[in-house]
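Structural overview
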Amino acid sequence: MPDQLFVPTAGALQAALDTALSPSRLEVIDESAAHAGHSGANGLGYGTHFRVRIAAPAFTGKSRVAQHRLVYDALRNFTDAGLHALAIEILT
């Protein structure tokens, strides 16, 4: 078991999305506090529930499912580390 608990942050998610998708618009919002006591909440009030609003050239010509898959793929390390819920809004 690791000595420290890794808790995802909005800044870390934003950096990963910037690197993977070079978005033209990006907003990452930690909504964890609004989900306190719900399934997947970690009791800290942050790091488990996020909303991503994103526009990226990589989405051009792709279905909504393919666009979302690109976002999930870019954030796989975070979901593996405890990110419980991710709301994705693809912007045009």
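All of the points below concern the structure found in this document.

1. A short note on the overall build of the protein
- Across its full length, the protein holds three helices and three strands.
- When the helices and strands of the protein are read in sequence order from the N terminus, they spell out α-β-β-α-α-β.
- The 92 residues of the protein split such that 29% are buried.
- Sequence separation of at least 24 residues holds for 63% of the intrachain contacts in the protein that already meet a minimum separation of 6.
- In the structure as shown, the protein presents an accessible area of about 5500 Å², 52% of it carried by carbon and sulfur atoms.

2. So, the pairing of strand 2 (residues 49-55)
- With respect to burial, strand 2 is a largely interior element, five of its seven residues being buried.
- In this structure, strand 1 (residues 25-30) lies alongside strand 2, joined through six bridges in antiparallel fashion. Bridge assignment links Glu27 to a residue of strand 2, and that residue is Arg53.

3. Considering the pattern of salt bridges
- Going through the model one piece at a time under the given rule, you end up with six salt bridges.
- For Glu27, the salt bridge goes to Arg53, with nearest N and O atoms at 3.2 Å. Of this pair, Glu27 sits in strand 1 while Arg53 is found in strand 2, placing the two residues 26 residues apart along the sequence.
- On the basis of relative accessibility, which here comes to 25%, the residue Arg53 falls in the partly exposed class.
- Asp73 is paired through a salt bridge with Arg76; the nearest N and O atoms lie 2.8 Å apart.
- Asp73 gets classed as partly exposed once you look at its relative accessible area, which sits at 37%.
- Judged by relative accessible area, Arg76 falls into the partly exposed class, the value being 40%.
- Residues joined by salt bridges that share partners form a network here, namely Glu27, Glu31, Arg51, Arg53 and Glu89.

4. Here we look at the environment of Ala15
- Following the sequence through the fold, Ala15 ends up in helix 1 (residues 10-21).
- When the C-alpha positions of Ala15 and Val28 are compared, they lie 10.0 Å apart, and in sequence the two are 13 residues distant.

5. Digging into unusual backbone geometry
- Even without being glycine, Ser22 reaches a positive phi, approximately 45 degrees.
- Turning to its location among the elements, Ser22 is positioned in the loop between helix 1 and strand 1.

6. Comments concerning the nonpolar core
- Of all hydrophobic cores here, the largest spans 17 residues; its most connected members are Leu13, Leu17, Leu21, Ile54, Val71, Leu75 and Leu86.
- Of all the secondary structure elements, the ones that give two or more residues to this core are helix 1, strand 2, helix 2 (64-74) and strand 3 (85-90).
- In terms of residue count, helix 1 provides more of this core than any other element does, four residues in total.
- Those residues in contact with Leu13 that sit more than four places away from it in its chain are Pro8, Val28, Phe50, Leu75, Phe78 and Leu83.

Conventions adopted
- Residues numbered from 1 in each chain as written.
- Predicted model: local features only at pLDDT ≥ 70, side-chain atom pairs only at ≥ 80, totals over all residues.
- Heavy atoms only, no water.
- Helix = DSSP H or I, 4+ residues; strand = E, 2+ residues; numbered from the N terminus.
- Buried < 20%, exposed > 50% of the residue type's maximum accessible area, 1.4 Å probe, protein only.
- Contact = heavy atoms within 4.5 Å.
- Areas by Shrake-Rupley, 256 points an atom, 1.4 Å probe, with all protein chains shown as cover.
- Pairing = 2+ DSSP bridges.
- Salt bridge = Lys/Arg side-chain N within 4 Å of Asp/Glu carboxyl O.
- Core = buried A, V, L, I, M, F, W, Y, C linked by side-chain atoms within 4.5 Å.

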